Amino acid sequence: MKKYMTLFLFLILLILPIIVYEDKDSRYEKLSKSLLCPVCQGETLYDSPSEYADDMRSVLKEQIDNGLSDEQIMDYWTARFGERINTNPQDTNLLLIILPIIFSFVFGYLFYRKVRNE
Amino acid sequence: MISSIGIVLSWIGFVNLATLIFSKKKNLFQTLVRVNLYIHFLLFCLLEIGLFLDDFSIYYIANHSATSTPPLYKFASLWGSLDGSILLWNFVLSIYFYLYVKYYRATTELYDIKIFAFIILFFNGFTIFSSSPFAGCIQLASLGCQDFTLLPFQDLVISDAGRGPNPLLQNHPLMAIHPPVLYLGYVGLVLPFVVATSELFNKYKDENWIKIAEKATYFPWVFLTAGISLGAAWSYEVLGWGGYWAWDPVENVSFIPWLLATAFLHSSKTQIKERTLINWNYVLACLMFLSVIFGTFITRSGVLISVHAFSNGNIGTYLLIGLLAFTSLFIFIGINNVEYFKSSKKVKNLFGRSGFFVANNIILSASALIVLIGTVYPIFYESFFERQLTMGRSFYDILVGPLLLILVYLMTFSTKVTKVNLNLKKWIIQNQNEINITLVISIISTVYFKASYKFVFAIFGSVLLSVIILKNIITRLKRTKLQGTYWTGQVSHLGIGIFTIGLILNVTQSFSNELIISAGDTVNFGDKNFTILSPYEEIKQEKNVINLPIEFDSKEKNASLNIFKNSSQQAISSPAVFRSIESDTYITIKVIDDDKFKLIFRENYGIFILWLGLATSSASFLTRVKK
């Protein structure tokens, strides 16, 4: 009985997010979190308390209201401040994600080979 | 006067350490180690006295303290910048040297003393030859001091008011606690390095070194955990962005040794019990300390931009030389012991104790590797392409997040790990009730928070871990006392389970809004009403504070803007935080425009749960304290 109960609850949990999930992050939040505040020390626009970042946020909001696409907005900022303003370089350069994964797997495999009883 | 005494005393310390390295007398070293501790304690006190007496003839004090600095922050100014923090670093090293000799030492040879003394001499040398916190001021700047001398008894010039510490460093009392606690952890990882290299210096003798190294790693690990947690708390309370971890380079280089030390605390156990992983343990024991030096090098040499960055022209090269020297020692001793390492036994049961620890070590080291790649990649990128690049939070979230979550799942098996393979079916039947409770909690919270799969994966694992360990503690508490390394592990794991619950709530549920208000307004944010009262200004010796009282639920708190005198930097915003177990409402002033205020309201979920988890993990040391 208990066994079926577990299975039943598990299945509910598995399908639940499809029904209830709601994305709460607005486009503004996503974009301001991925843009660096160029005058701060490693903070994003979203986090930074500086006035400069405040002005940049107003521009960003305007861009969103004017219906610019994410790509257009990122292009605008990169053209002005260089690529370091994009804090998600892995979005345009997949190698940044794939290489560490490969490294980790190679490391894990070698480690496993070394310690395992053949 | 203080400047000259400090410089001369540093020299005496240097000579004392050199004597330790070259002396062959076996009965002398205990006295010299004690003398070394006294000297560094005196140096520490001396700089504190200088800070409290506002001795602005000292370069460091003129530039990093001011007459108007409040006493607590004068005290903390000792580690507010590079030169002073190296003094603290040396003092901590000397404390550990003394403790090592008193409690851990188990050899009759002198290699350990010589290696340890050499490490302290190396850092002590930096304060003598490159830049000393006692260096006297010989040329004034418009504010503070511009040029210094490293020689004692010179004609010094005195600036009339100091420049004062960085405003961020004098805005919260945690500044007086976080750095010393962190240093006790970070620098303490020198112990396993000294133990491993010195015990294996003359080729393998016995298995003793791994037990000592394990014991000696544990307390630095606790301090490192507590230090990182306090840093996160400081960031949350002071930086005004409602965050606690930014994957900032300096945070990363404290996290890499933490990951490696956590791995070592586990893998050393399998060597003690089953003689496996011997070679790997040697590598880890040394890598912890080498990663500390490497981390200090990349964050203090000025090659990286960070909230914590302070650098000085020479320290980069100096640390690089040290890194090379310590790494050569590590490799040299490793090569000498190849035969011994070959005697390491293979792991038989992949789902038994050794197998779990192997998985744990692979995941923790891979995480350390990824964090390292993310931290140094921008440096390589800039030198090859001459363009700058920023590694933001999402890089680490995507790569390290899932790895550490898998660890959370593995930890659920930690209540009863046996040498033989675990029978998963049996395990599920034994823990059926806990699994069902967890499923119910996960379902309810998923519906309540309208959550995603990321949330479900994290919340199920972390709740299951917490529930299973809590039950284990409660049922076994009736029969045994919570003592010994087994319970250290259990309490730490419980803390990590609780922490992960808080973390996933925070990451997935928090939201914020920017509002422009004036005094007297009532603001609705997240179904709560906040009343804005009239602002008032407070004039203190070191700063002016604009306070904006905000009322919620008949509680009144100030959001404020601190404008520091003596500082060209912008004003610092202190938040008003209304706390509850589920979430904090965190309000900061962004801009003041005449009588209008631009406020940022943030609803930060899970913060209390997160601190509770970290505190539980740090408190695991109680199980190791002998009664």
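Residues numbered from 1 in each chain as written. Chains lettered and ligands numbered in written order. Predicted model: local features only at pLDDT ≥ 70, side-chain atom pairs only at ≥ 80, totals over all residues. Heavy atoms only, no water.

Things to note about the overall build of chain A
Phase 1 of the analysis: Along its length, chain A carries five helices and zero strands.
Phase 2 of the analysis: Across chain A, helices and strands are ordered from the amino to the carboxyl terminus as α-α-α-α-α.
Phase 3 of the analysis: Radius of gyration (C-alpha) of chain A: 22 Å, far over the 13 Å computed for a compact globule of 118 residues.
Phase 4 of the analysis: Seen through its C-alpha atoms, chain A measures out along the principal axes to roughly 60 × 45 × 25 Å.
Phase 5 of the analysis: Per-residue burial for chain A yields a buried fraction of 39% across its 118 residues.
Phase 6 of the analysis: Counted over contacts in chain A with a minimum sequence separation of 6, partners at least 24 positions apart contribute 42%.
Phase 7 of the analysis: Of the roughly 7,300 Å² of accessible surface on chain A, a fraction of 62% belongs to carbon and sulfur atoms. (Helix = DSSP H or I, 4+ residues; strand = E, 2+ residues; numbered from the N terminus. Rg over C-alpha atoms; globule rule 2.2 N^0.38 Å. Buried < 20%, exposed > 50% of the residue type's maximum accessible area, 1.4 Å probe, protein only. Contact = heavy atoms within 4.5 Å. Areas by Shrake-Rupley, 256 points an atom, 1.4 Å probe, with all protein chains shown as cover.)

What about the interface of chain B and chain A?
Phase 1 of the analysis: Facing the 58 residues of chain B at the interface are 54 residues of chain A.
Phase 2 of the analysis: Put simply, chain B and chain A have five salt bridges between them.
Phase 3 of the analysis: For K598 of chain B, the salt bridge identified is with D54 of chain A, shortest N-O distance 2.8 Å.
Phase 4 of the analysis: The element contributing the most residues to the side of chain B that touches chain A is helix 17 (residues 432-449) of chain B, with 11 residues. (Salt bridge = Lys/Arg side-chain N within 4 Å of Asp/Glu carboxyl O.)

Topic: the domain arrangement of chain B
Accessible area lost upon the coming together of the parts serves often as the stated size of an interface.
Phase 1 of the analysis: Each domain of chain B was delimited in the assignment, giving domain 1 (1-164), domain 2 (172-422) and domain 3 (511-607).
Phase 2 of the analysis: Put simply, the middle of domain 1 of chain B and the middle of domain 3 of chain B, counted by C-alpha atoms, are 41 Å apart. (Domains from an automatic or database assignment.)

Overview of the side chain of S445 of chain B
Residue and element names in this part refer to chain B.
Phase 1 of the analysis: Topologically, S445 is positioned in helix 17.
Phase 2 of the analysis: Classification of S445 by relative accessible area gives buried; the value is 13%.
Phase 3 of the analysis: Looking at S445, its side chain comes within polar contact range of the main-chain oxygen of S442, at 3.2 Å. (Polar contact = N/O pair within 3.5 Å; in protein donor to acceptor, adjacent residues only side chain to side chain.)

Some details on the packing of aromatic side chains
When we look at a pair of aromatic rings, we describe it by the centre distance and by the angle of the planes.
Residues and elements named next belong to chain B.
Phase 1 of the analysis: Here the structure, examined in full by the defined rule, presents 59 aromatic pairs over all chains.
Phase 2 of the analysis: With 5.9 Å between their ring centres and 70° between their planes, W247 and F255 make a pair best called edge-to-face.
Phase 3 of the analysis: We classify W247 as buried; its relative accessible area is 12%.
Phase 4 of the analysis: In textbook terms, an aromatic cluster arises when at least three aromatic residues are bridged by ring pairs, as seen for W89, F118, F122, F123, F126, Y183, Y186, F193, F289, Y318 and F326.
Phase 5 of the analysis: Between R624 and the ring centre of Y218, over which it is positioned, the NZ or CZ distance is 4.0 Å. (Phe/Tyr/Trp six-rings, centres within 6.5 Å; stacked < 30°, edge-to-face > 60°. Lys NZ or Arg CZ within 6 Å of the ring centre and 35° of its normal.)

Section: helix 17 of chain B
Phase 1 of the analysis: Between its first and last C-alpha atoms helix 17 of chain B spans 26 Å; for 18 residues at 1.5 Å apiece the expected length is 26 Å, and the two agree.
Phase 2 of the analysis: All of the buried residues along helix 17 of chain B are Q432, E434, I435, N436, T438, L439, S442, I443, S445, T446 and F449 of chain B.
Phase 3 of the analysis: Where helix 17 of chain B is buried, its residues contact helix 1 (2-20) of chain A together with helix 16 (424-430), helix 18 (453-477), helix 19 (485-509) and strand 12 (596-605) of chain B.
Phase 4 of the analysis: Following helix 17 of chain B by one or two positions, K450 of chain B adopts a phi angle in the positive range, close to 50°. (Expected span 1.5 Å × (residues − 1).)

So, the pattern of salt bridges
Phase 1 of the analysis: The full count for this structure, using the stated rule, is 18 salt bridges over all chains.
Phase 2 of the analysis: Across the pair R393 of chain B and D47 of chain A runs a salt bridge, and its minimum N-O distance is 2.7 Å. In this pair, R393 of chain B is assigned in helix 15 (residues 393-411) and D47 of chain A in the loop between helix 2 (27-34) and helix 3 (51-65), connecting two distinct chains.
Phase 3 of the analysis: Residue D47 of chain A is classed as buried on the basis of its relative accessible area of 4%.

As for the pairing of strand 4 (residues 522-525) of chain B
Phase 1 of the analysis: Here strand 4 of chain B shows one buried face, formed by V523 and F525 of chain B, and one open face, formed by T522 and N524 of chain B.
Phase 2 of the analysis: Linking strand 4 of chain B to strand 5 (residues 528-532) of chain B, which pair antiparallel, is a turn of two residues; within it G526 of chain B sits at a positive phi near 55°. (Pairing = 2+ DSSP bridges.)

What about the state of the cysteines?
All names here are of chain B.
Phase 1 of the analysis: Going through the model one piece at a time under the given rule, you end up with one disulfide over all chains.
Phase 2 of the analysis: In this model, C137 is linked to C145 through a disulfide, with the two sulfur atoms separated by 2.1 Å. Here C137 and C145 share a disulfide; its torsion about the S-S bond, 105°, makes the bridge right-handed.
Phase 3 of the analysis: For C137, a relative accessible area of 0% gives the class buried. (Disulfide = S-S within 2.5 Å.)

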